[in-house]
Structure formats: structure tokens, C-alpha cells
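Here is what each chain is made of, one letter per residue.
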Amino acid sequence: MEQAAGCPAVGGSYPQKNAEILSSQYGINLFLAGLLLTFAWAVHAVGISKSHLLSYLITLMLIQLLWMLWYLCRSCTQRRLIRDKDTHAGARWLKCGITLFAVITLILDSFKIGYYIDFSNCLSPTEGIFPVTHAVHTILQVYFLWCHAKDVIQSFKTLERFGVIHSVFTNLLLWTNGVLTESKHQLNEHKERLITLGFGNITIVLDDHAPQCNCTTTLCSIFSQGIYYLYPFNIEYHILASTMLYVLWKNIGRKVEHHQQNKTPFKFHGITVGMIFGLIVLTSTIAIVVVYLIQIGGSKIKSELALTMFYLHAIFVLALMCTAGIVALLIYRLEERSLDNSKNPARKLDAELLVGTAAGSWLLSWGSILAIICAQGHPKYTWYNLPYSILVIIEKYIQNLFIIESIHREQEKVNDDIKTLRIVTISRGSTLSLTPLYKEIYNGRAAPDSGDIPCLLKGSICGRENDGAGVAKEETSQDNNLVMHSTSDFSFSSRNSVTNHKRRILKNIAAFLFLCNLSLWIPPAFGCRPEYDNGLEEIVFGFEPWIIVVNLAMPFSIFYRMHSAASLFEVNCKT
């Protein structure tokens, strides 16, 4: 009878599991079709133009817009219903970050509209429709994520799975399109720089998709150049949106454990040291990037000096980050705290993204190490690439360990028995302490000289049951109790002081690593890429094979730094 009763419940899970599999396969095929179309445009395939790619992306965005509008309207009609929420998904700081990237993306769309107006005589209408559609898509999607990123959908689950997974892969395709467009621009600049470094044996063929007509206004150069400085923010916006939507997809039909989550607001108090050192790294990195972009490509001597300056700065920063990460891990080894192994799609995705995207920079680092070992000739600046590449591998390995362990550690909980340290009553004008020793509270028993359970643990209010001998006994033992309490207070205060000291060190380390990851995100995102400009890897592996490797791995390396910064911000709040 028990098996028969359980069969419907087990059988009922099959349609939902099938819906999950079908929706994921739909999304993958949607993505592969768009990826192939993007690749065909990039290699100038016969019969494939940019308008075909943009038409496909516009169609996907319009479908997502219709689904989001339907979901928002249905949510408005069911406002009074109590919905399950995943408290770990869609943190406020994450929503603020995606909003910032979305605002800059809207500026990028306005630049694209201006660029289309300037070259409207020779551009396809889709190049004007695309930024308008994308702007509307961005506004509605950010609003949707602010309002519904925490939802645990329990109705229309099959339909919602297809709608959410469509949104996930639409954002991934928009991310791919942005990465490819920005990479082609960086590649053209890189080809022009190689000659200044003396690599004249590499064939320089510019991959130019510029319109074949004259500009109609004086703002053409502002729009054309400004677009590429804004692409890094657009790329981060779409990858963040896709991850938030993926968590929403994983939460569909999930049974949520109802427990109160402690709020962990960000506080500047106690992290002054980490913030100061992090801001120093951030400021120096911005200065290095500015000098690098000015010097690289000017002449061979200037280019070599720019590369040497970049490597020395990066080696110093990575060494500091490795040291900070090791100190944090050592502190964790000295603590005994259990790990939170409860089901959490957001946390699981964070850990997988950290390891998965780190593989991009690991691939580039191992490529550089092999090139240095196998190359016949070594310009002086290339030797700095060896410790730099090794430190990149080690630093990400240590940082991943620190972040993943931090987000899995349970937060410290205050023991309910110690929230009230003393119960004080007034008797005959004197203050009497009725609280047992801390050690006795932890063990859940009263003092040895009392066979009764203390009133504090029983949760009741104690009163005097007799006036005579009981009160006299309490008064005579008051001095002894005060001595014992003082000893317990001192012991508890010592342990608490050590714990707070460790927490302060961990918060400073998290703040320092947060700013360092933001600092290391800036160089590759804005064109400071020694993997392109070094030249040694292109000689060993060949120009085109190495450029393909860099173009595939670099987006993951860039995303890793931003995702690590976001994770470290969360670690700082939880510590």
C-alpha cells in the first residue's frame, strides 16, 4: 500500500524532468544555430551578411520580450498569492551591478543608433533596428530581474522552463556577438602593433567590416571609437543576466526550505587596511593601462618597455594576492566550522563558473610557458612572461579555494543561551545574580551544588519560593558567584576577541582581493593584452592558431575577474 501510494508522486516527477531536458535541448540548439551564424559572418561566408545575424538576434529578443510581458502580467494578477522565494538568488548588490552595466549598455545602444544615422546610406536597416530593440530588451529585462530573480516558479512550469531557457541563451548569443565584435577590433589594432615589435614575417591582413561610404555628420569618429570602449560593460551585462536567468530556470518547481536567512549588509568598518592596499593597486593599474596603451605600437623600444612595465606590475600584484589567499586559507584551517551542504543552485553555479572560466586564463598561461620553453630566440621582455604565467595559474588556484570554501561555510550563530548573560533580581535592595556559569550553560546543566535545572534554560521566570533561609544562603554566596562569573566573562571575552580578530583579517583580505580582481579586469577589458602583443607565442604556435586560442580564452578570463570580484564582495558581507 505504501508503494502504491508513492507511485503517483514518483511518476509525477517524470513530466517535469522531461520538460527540463526538452527545454535545455531547445536552448542549446537555439544557441548553436546562432553561434554558427555568427561564425559564418566572421569568416565572410558566401551568402551570409551581418543583417542575417542581426535579424536572428532581433527575433530572439522579441520572443523574449513577449514572454517577459506575459510573465509580468500574470504576476500582477496574482499579487496576493504567497510565492516561494530563493533568498540566495538575485542579491541586491548583484542587481545593482547589472543595473550599472545596463545603463552603460544603453549608452552603447545610443552610440550605435548615432553611428547608423551617420552611415545610413550604406548600412542595412537591421543595423538601426537592432540597437532600438536591444535598448527596449535591456530596460525590460533589468526590471524583470529586479522583481522576479528570486522567484521559485510553481505554475505553468513547462511553459516557463522554455521561456526562461530561451532568455538564457538569447543573452549568451548577445554576449557572443559582443565578444566577437570587440575581438575583431582588438585584432586589427594588434596586427598593426606587431610590425613595431619587429615581427615583419607575420602577414598583416586587416579584417575590416567598416561601411563603404562617407559619414554624413561630424560625430562619426566619436561614435565609432566610443562604441569599442563601451563593449566590455555590455559583455559583462549579458553574461550576468544569463547567469541570473539560469538560476531562475534551475529553481522552477523546486521545493524551498523555509528558513530565515540572516541579512549580511556590506560595511566599511574594519576593512580599512584591505581597502587602502586595494585602492593603491587599482590606481596603479589604471596608470599602467594608460601608459601601456600610449606606448605600445609607438616604436620597438617603447613597446618593449610597455610590456616589461606591465609584467613587473602584474607579477607584484599576483604575488600579493597569492600571499593574501594563503593567509586566509590558513585561518580557515585553524577554525572548526561546518560547511553548509544544503541545495543551493546559485552557490553551485558560482563555484562552477569560477573553475570553468579560470580554465581560459590557465590555457593562455600554459601556452605562454610552452612558447618560452620552445622558442629559439628570447627577447629580454619575454622572460618576464614566465613568472607572470606561473603566478596566474597559482593565484587563481588559491583564490578559487578561498572563495568556494567561504561561500560554503556556515555563518556563526549566537547561542540562544548566551544572549542573556545574567538574570538580575532585586532583593532587599541588593543585586543578585542567578545565572549559572557559562561552561554549565554550554553543557545544559546547572551548578554542581544545585540539583535543579537553572531557570534560564527552562525559559521560565524564577521567583523566590521562600523568604528565610534561601535568601540568606544566596546573600552569603554572592561574593563567590561574582568571582566565578568574572573568570567566565574573561574566558568568553578572550575567545570572542580572537574570533573577531580572525574575522577582521578575513574581511580585509576579501576587500583587498575584491579590488585586485577589479584591477586585473581592467587591462584585458580595455585592450591591454600582452597575449596579443608579446609576439613570441605567434612565432611558436603560428599567428592564426594562437589568435584563435586567445580569442576563445580571453572572454572567459575577463569574465572570471568580474565574477570573482562579485563573489568576494559576497564573502566580505558574510564574514
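Quick caveat: nothing in here was measured; it's all calculated off a predicted structure. (Residues numbered from 1 in each chain as written. Predicted model: local features only at pLDDT ≥ 70, side-chain atom pairs only at ≥ 80, totals over all residues. Heavy atoms only, no water.)

K.L.:
For the overall build of the chain, give the residues involved together with the corresponding values.
P.N.:
The helix and strand inventory of the chain stands at 17 helices and two strands. Pairs at least 24 apart in sequence give 86% of the contacts found in the chain among residues at least 6 apart. Accessible area of the chain: about 29600 Å², with a carbon and sulfur share of 64%. (Helix = DSSP H or I, 4+ residues; strand = E, 2+ residues; numbered from the N terminus. Contact = heavy atoms within 4.5 Å. Areas by Shrake-Rupley, 256 points an atom, 1.4 Å probe, with all protein chains shown as cover.)

K.L.:
Report on the confidence of the model for the chain, specifying residues and quantitative values.
P.N.:
Residue-level pLDDT values for the chain average 77, and 72% of them are 70 or greater. Under a pLDDT of 50 for its full length, residues 1-12 has, in the predicted model, zero contacts with residues more than four places off or in other chains. Confidence over residues 414-473 falls short of pLDDT 50; this stretch has 68 contacts with residues more than four positions distant or in other chains. (pLDDT = per-residue confidence, 0-100.)

K.L.:
Could you give me a rundown of empty space enclosed by the protein, with the residues and numbers involved?
P.N.:
Under the definition given, this model contains four cavities of 30 Å³ or more. Computed from the structure, the largest cavity encloses a volume of approximately 400 Å³. What lines the largest cavity is a set of 29 residues, among which Phe-310, Tyr-388, Val-392, Leu-520 and Glu-531 lie closest to the centre. When its residues are assigned to classes, the lining of the largest cavity shows 16 nonpolar, eight polar and five charged. Space inside the second largest cavity adds up to approximately 120 Å³. (1 Å grid on protein atoms, 1.4 Å probe; cavity = no way out; pocket = protein on both sides within 12 Å on 5 of 7 lines; lining within 4 Å. Points joined across faces, edges and corners; volume = space filled by probe spheres on them. Nonpolar A, V, L, I, M, F, W, Y, C, P; charged D, E, K, R; others polar.)

K.L.:
An account of the packing of helix H6 (residues 220-250) against helix H17 (residues 543-574) is needed here, citing residue identities and associated values.
P.N.:
For the pair H6 and H17, interaxial distance at closest approach is 11 Å and the crossing angle is 65 degrees. Classified by the angle their axes make, H6 and H17 are roughly perpendicular. Of the two possible hands of crossing, H6 and H17 adopt the one that is right-handed. Of the residues in H17, those touching H6 at Glu-236, Ile-239 and Thr-243 are Ile-558, Phe-559 and Met-562. (Axes fitted to C-alpha atoms, helices over the stretch in contact; angles between N-to-C directions. Parallel < 35°, antiparallel > 145°, perpendicular 65-115°, else oblique. Left-handed = near helix turned anticlockwise from the far one by under 90°.)

K.L.:
Any chance you could break down the packing of aromatic side chains for me, citing the residues and the numbers?
P.N.:
The tally for this structure, following the rule as stated, stands at 21 aromatic pairs. With 5.4 Å between their ring centres and 55 degrees between their planes, Tyr-311 and Tyr-388 make a pair best called tilted. Placement of the pair is Tyr-311 in helix H8 (residues 300-334) and Tyr-388 in helix H10 (residues 385-408), with a sequence separation of 77 residues. The exposure class assigned to Tyr-311 is buried, which follows from its relative accessible area of 1%. Take Tyr-388: its relative accessible area is 13%, and that puts it in the buried class. Aromatic ring contacts, followed pair by pair, group Phe-101, Phe-233, Trp-521 and Phe-526 into a single cluster. (Phe/Tyr/Trp six-rings, centres within 6.5 Å; stacked < 30°, edge-to-face > 60°. Buried < 20%, exposed > 50% of the residue type's maximum accessible area, 1.4 Å probe, protein only.)

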